[in-house]
Amino acid sequence: MYCRIRRLCAVWGMTVAAISAAVAQSSFGGTVTDEQDRPLEGAAVTLLRGSGEQIVAYTLTDANGAFSLTAKQSADSMQISVSMLGYRADRRPARTGVSHRIRLQQQAFQLKEVEIRPGRVWGRQDTVNYNVARFLSPGDESIKDVIRKLPGVDVDENGKISYNGKDISRFYVEGMDLVGGQYNRITDNLQAKSVETVQILENHQPVRALQKKVHTENIALNLKLKPEFRDRWMVTVQGGLGAAPPLWEGVANALQLSRKSQSAYTYRGNNTGHDVSSEQMTFFVNRLGQMEETNVNPFLKQPSLMAPLKKERLLFNNVNTLSANRLYKFSETAQVRLNAAYTHDVRQQERGSETSYYRLDDTVRVAEQSHTRIRSDEAELSVNLENNAAEKYLTNRFKVSGGRTHGIARYTGSQPLVQRLGTTDANIRNDFKTIWNRGSYTLQIHSLMKYDHLPSQLEFESTREKLNLNLFYSDNSISCIRKRGSITHQYTAGVNGQIGNIRNGMSACAIPAWQWNTPQWNASLSVPLVYTGFRPGGWNRFAANPSLSLRYKLNYAWQFSVSGRFREMYGDVTGFYAKPYHIDYRTVMYGNEILPVNHQQAYSAYAEYKRTVQEFFATLTLSHVRTRSNRIIEQRFDGTQMALVAHALPNDATGWNMHGTVSKGFYDWGMKLSLDCLFGRNRGEQLSSGERMSFESAFMQYEPKISWTPTRRLEISCVSTLRYGGSAVGNATRLASLWHIVQKLQFTYDLSDVSLLCRIDHYHNDVGKNQAVNALFGDLSARWKTGSWQFDASVSNLFDRRQYGYTEYSSVQSYTSWIHIRGREFMASARYRF
């Protein structure tokens, strides 16, 4: 009886103590927003007690502006204080059981003659944030127009985005990847005014199961939408007509982007020279496997119709492209993504050229004039299933794609002929990967299977050649990861094989790898051991491909890294092809069944400096590459007919490069200045008349850019490209150093509902010693907005220039070409947004 009373008293005492503790512990929460109810991330929330303002607890708001605080005292006499740079501080009584909704008012104030305003660029740990509203101008249509203005960020002509000189490897909207590497589908169509913040995520590890275990230096970009544009359909329809010759364009897109599901359906078509097929470009592919994937290239390729000139001026096209993208999110970690696209494109070009082939004993010159027409149809469908949980990761990527391209080139001159080239590319692939976390161990399994069908057919005069390439490839591996202290151990074993109509092959690998991570230091060492064999023929190789990198982060502003690696790489399986084949009507390739084996050493040093509040970003990269191959190519001529003959002889090539970037934003002036510098020197070898002939090239390139918005109504941008380079072939031939200078100036002036645009482009090209070609282009356009409608009228190539000339160097050759370009054209269009 006494024991039961003791147990009852003990239980009662524990219950009273628990209740007392629960009563004594107080919880406070809520959200912090600005005056427009937009959540504020990084606001400081402090819990104070008593008249002495003793700090009880402290936290920062998250991406949704939410905060939560806990105190082991009662809520009596407690206050919540909220502050953020550029906003008026707020203080109020702390209450439990309610959600505090705190609105901060914007405030500019002066401190010692320095005016402090809400920053448009700010950083926190590995995230850099850009306030879109403070970069937005009335003339900005798509979010790509705004991204171009962000300090430290660059967008090239094709739409590829880089940050501090590094290409981004992930593109998100509200933390979700809708389009993979084909992010032009979003940046070209998403309205600029719908985005609240652009975020750059450094050292991004997208797989939650590997976070805090495997360090990466990848860069991701995330778009955060304004609340009123989330989960809402944004629809745009546009059409236009023009003249000289008859012109047309059409645009339709529908986007719905939320945090639970996303959709993007797009259509673009025109014959105005705009290369809308760039919407289907894939700028990055996130590989799942640890082993080097075997890439397959066709025997023959269609001729390029490009030149160092803006695409819209030289491209004679008739293009239609469609894409459909849908992402379903089943839970916080599970999702499925569907992507489909189709492009039909017809391109034409008229050009003339003189090609000089430099040899030890003479120079062969070939003059050509041609009219080329290339028709292509390409389609793809992919399904991506992913469960990205912290304990288990699983993804399966299925993709089927195909394309058919047919080109006709009509050559005129003393010996006119017609060349027809047809190429087909059909492939299907499935890529699977799963990761399990079990205590301190992590297990990875990866399996890739793909099939490529790449037939080609070349016809000219009485010659008709068919070349087929079929290849089935499988890659399978298993990895074990364990983190002990600051060191991550990873051990991978894998095997892959290929079955094709030329040769079959297989390889096996063992890859030990280690990472050492501290807040300031990161070191990585990997030593892949690879065996490769091809049958028939008894071709076997064993290789060790070590790589080492070291990174030091002095502080938030400064970062340094060095890296080095050695790789044994193998050329395309077409090197095993036994028969000679034509590349074009006057070039024959003799591979002589020599598969290129390249030993490559690569070294680099990198330095980075950034001050996000001051909007200053700078990088410098030094790199050196040395390659030794077992194959060298000889050029042989019979009149204008050329043979490329492969020989089993050693061949060395080296290259040095220095790349620097500087970007600075000026808040008060509404300006962004940037400079990209590139210097390079390369050396290689080729056979001429049975003897070795070296070639060398050196170049430097500067690209300053200015984006300036002095007033809300006026925007000015200026981009210049200055490139200077020359080449030397053998000991006797020195090619003249050439300047290639491009200057682009654009003015946009906004008059309430009407905006005017003027663009001037100037090109200066050296085509030889003391010979240069100058070209001036001008464009004008006017835009009127009223409600949801927009009307545009434009005239391009005001000065009606019809021809463009340039000279380029390549190894032991030089090309002097002229191309027919688009003349003066008039266009009118109307757009409606729902």
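Details of the structure are given in the entry above.
In this text the structure is predicted, and so the values were computed from the model without any measurement.

Enquirer: Requested: an account of the pairing of strand S51 (residues 803-810), with residues and values cited.
Expert: Strand residues, when the strand is regular, have side chains that alternate between the two faces of the sheet. Pairing between S51 and strand S52 (residues 813-820): 8 bridges, direction antiparallel. When the bridges of S52 are listed, Tyr804 appears paired with Ile819. The turn linking S51 back onto S52 is made up of 2 residues, and Ser811 within it adopts a positive phi angle of 45 degrees.

Enquirer: Tell me about the sheet that holds strand S4 (residues 66-71), and please be specific about residues and values.
Expert: As summarised here, the arrangement of the 3 strands in space is S4-S1-S7, forming an open sheet in which the pairing is mixed. Two strands bound the open sheet, and with one partner strand each, they are S4 and strand S7 (99-103). Recorded for the sheet is a direction-independent mean angle of 25 degrees between the axes of neighbouring strands. As defined by bridge partners, strand S1 (residues 26-33) adjoins S7 across 5 bridges and the pair is classed as parallel. Bridging across to S7, Gly30 finds its partner in His100.

Enquirer: Could you give an account of the pattern of salt bridges, naming the residues involved and the relevant values?
Expert: Tallied over the full model, the rule gives 46 salt bridges. For Glu141, the salt bridge goes to Arg833, with nearest N and O atoms at 3.6 Å. With Glu141 in the loop between strand S11 (127-131) and helix H2 (143-147) and Arg833 in strand S53 (residues 825-833), this pair connects stretches of sequence that are 692 residues apart. According to the relative accessible area criterion, Glu141 is buried, its value standing at 13%. A salt bridge links Glu634 to Arg636; the nearest nitrogen and oxygen atoms lie 3.3 Å apart. Residue Arg636 is classed as partly exposed on the basis of its relative accessible area of 41%.

Enquirer: Now, about the side chain of Arg831: what can you tell me, with residues and values included?
Expert: Mapped onto the fold, Arg831 is located in strand S53. A distance of 2.6 Å separates polar atoms of two side chains, one belonging to Arg831 and the other to Glu141. In this structure Arg831 touches Glu141, Thr236, Val237, Gln238, Ser788, Trp789 and Gln790, once residues within four positions along its chain are discounted.

Enquirer: For the packing of aromatic side chains, give the residues involved together with the corresponding values.
Expert: Per the counting criterion, the structure on display carries 30 aromatic pairs. Ring centres 4.5 Å apart and planes at 40 degrees place the aromatic pair Trp521 and Tyr552 in the tilted group. Within this pair, whereas Trp521 is found in strand S32 (residues 521-526), its partner Tyr552 is found in strand S35 (residues 547-553), the two being separated by 31 residues in sequence. For Tyr552, a relative accessible area of 22% corresponds to the partly exposed category. Three or more aromatic residues joined by ring pairs make a cluster, and in this case those are Trp784, Trp789, Phe791, Tyr832 and Phe834. For Lys610, the ring lying beneath its charged end belongs to Tyr556, and the centroid distance is 4.7 Å.

The rules behind the values
Residues numbered from 1 in each chain as written. Predicted model: local features only at pLDDT ≥ 70, side-chain atom pairs only at ≥ 80, totals over all residues. Heavy atoms only, no water. Pairing = 2+ DSSP bridges. Helix = DSSP H or I, 4+ residues; strand = E, 2+ residues; numbered from the N terminus. Axes fitted to C-alpha atoms, helices over the stretch in contact; angles between N-to-C directions. Salt bridge = Lys/Arg side-chain N within 4 Å of Asp/Glu carboxyl O. Buried < 20%, exposed > 50% of the residue type's maximum accessible area, 1.4 Å probe, protein only. Polar contact = N/O pair within 3.5 Å; in protein donor to acceptor, adjacent residues only side chain to side chain. Contact = heavy atoms within 4.5 Å. Phe/Tyr/Trp six-rings, centres within 6.5 Å; stacked < 30°, edge-to-face > 60°. Lys NZ or Arg CZ within 6 Å of the ring centre and 35° of its normal.

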